[in-house]
Amino acid sequence: MSDNSNSNYNAETIEVLTMTYETIQFEQADGVARITLNRPERLNALCEATFPELHDALDRAEAGSLRVLVIAAAGRGFCAGADLEQPLGTGSRDERDIGATLERNYNPLIERLRSLPVPVVSVVNGVAAGAGVSLALAADLTIAARSASFVLAFARIGLVPDAGATYFLAERIGVARAQGLALLGEKLSAFDAAAWGLIWKCVEDDELAARVDELVARLRVGPTVGLGLTKQAIYAAGERALAAQLRLERELQARAGRTADFEEGVAAFLAKRAARFTGH
Ligand code: T3D
């Protein structure tokens, strides 16, 4: 990792932290952390170095006053999944345990992203394949360019969809469509991904950056604690019976009701003005 961390101040005295790692870039300013996958020549395939770098970037993001995390990618693709130029597993065929790589690298990352207490946005600029699909879908909001696509490439190399892919797909688009994509490994266009409910939105290529900026600007000034509790409740819903979910909502609402942002939201409504949430 090349540590070229620096802090500087612009005219509005907003602190900007930037880090360039071997395989990713990280930038944090004004509550927004942005991780950019940065191996465009390999379509941002995930190699062994990427995972500790991602965790280090997430540590830095969480150490600051984080209100939104953006995961984006450099070049023409989002992420081509595991780097197939690196050996997937070691030893003889019988000894090889690719599952151990999942346990060590992929699973902790996916769980961490899902449980981050702020909104996570993934920006799919081009093809997402293999675990790249999982990474894109681990975000709370996935926005994709119209020319982007999703490929469960695992079937093409004799592997099983992983890093949460089977979970995200079966949950969002149903078993029939999930099986079709997983067994055939066909490309799903961003347009169809949005129409099927796999992702939040598909936008025109030349509008992607502006639409992401709008989305991030909106989330950045949102009631961060309430938003974090909201995502927690929605993710829990699929795993609980109604009675348990009602109890969870009760508990989370009690916490949201103790935030300064709740008081500000109500005060702003009554005063007929825009709320000025601080994220507390
Ligand atoms: O142990 C573990 O890590 C287990 C975990 C497994 C999780 C997984 O993700 S398994 C699935 C791995 N991913 C794939 O199988 C996808 C492989 N890539 C593709 O199928 C295609 O590249 C795409 C459909 C993603 C894009 O196709 P296309 O035609 O737009 O691009 P391309 O020409 O195939 O790729 C461009 C370059 O990126 C090319 O390099 P070159 O020829 O220009 O030097 C290609 O080799 C490279 N590249 C693409 N994907 C990967 C990759 N290099 C390394 N690993 C890749 N996954």
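Residues numbered from 1 in each chain as written. Predicted model: local features only at pLDDT ≥ 70, side-chain atom pairs only at ≥ 80, totals over all residues. Heavy atoms only, no water.

Some details on the site of the ligand
- Near the ligand you find 24 residues, and of these R42, A80, A82, L84 and A131 are the closest.
- Between the ligand and L84, the relevant distance is 2.9 Å, taken from a nitrogen atom to a main-chain nitrogen or oxygen of the residue.
- Here an oxygen atom of the ligand sits 2.8 Å away from a polar atom, N or O, in the main chain of A131.
- Expressed as a share of its isolated accessible area of 1100 Å², the protein-covered part of the ligand is 70%.
- Sorting the residues of the shell around the ligand by element identifies α2 (98–115) and β8 (127–129) as the ones contributing at least two each.
- When the residues that make up the shell around the ligand are grouped by side-chain class, the tally is 15 nonpolar, three polar and six charged. (Near = heavy atom within 4 Å. Polar contact = N/O pair within 3.5 Å; in protein donor to acceptor, adjacent residues only side chain to side chain. Areas by Shrake-Rupley, 256 points an atom, 1.4 Å probe, with all protein chains shown as cover. Helix = DSSP H or I, 4+ residues; strand = E, 2+ residues; numbered from the N terminus. Nonpolar A, V, L, I, M, F, W, Y, C, P; charged D, E, K, R; others polar.)

Quick notes on the confidence of the model for the chain
- Mean pLDDT over the chain works out to 95, with 96% of the residues at or above the 70 mark.
- Averaged pLDDT values for the elements of the chain fall to 42 in strand β1 (residues 6–9) and rise to 99 in strand β7 (residues 120–124). (pLDDT = per-residue confidence, 0-100.)

Regarding the domain arrangement of the chain
- Per the domain assignment, the segments making up the chain are domain 1 (2–220) and domain 2 (224–271).
- Put simply, the middle of domain 1 and the middle of domain 2, counted by C-alpha atoms, are 27 Å apart.
- With 13 residues of domain 1 in contact, the opposing surface of domain 2 contributes six residues.
- Between domain 1 and domain 2, the buried area comes to about 760 Å², and carbon and sulfur atoms account for 44% of it.
- Residues K231 and D140 are paired through a salt bridge, measuring 2.8 Å at the closest nitrogen-oxygen approach.
- The interface formed by domain 1 and domain 2 holds six residue pairs in polar contact (both at pLDDT 80 or more) in total. (Domains from an automatic or database assignment. Contact = heavy atoms within 4.5 Å. Buried area = accessible area lost by both parts, 1.4 Å probe. Salt bridge = Lys/Arg side-chain N within 4 Å of Asp/Glu carboxyl O.)

Focus on the side chain of N44
- Relative to the assigned elements, N44 resides in the loop between β4 (32–37) and α1 (50–63).
- Of the polar contacts made by the side chain of N44, one reaches the backbone nitrogen of R39; its length is 2.7 Å.
- Engagement of the side chain of N44 in a polar contact is seen with the backbone oxygen of F78, the distance being 3.2 Å.
- With near-sequence residues (within four places) excluded, N44 lies in contact with L37, N38, R39, A73, A74, G77, F78, C79 and A80.

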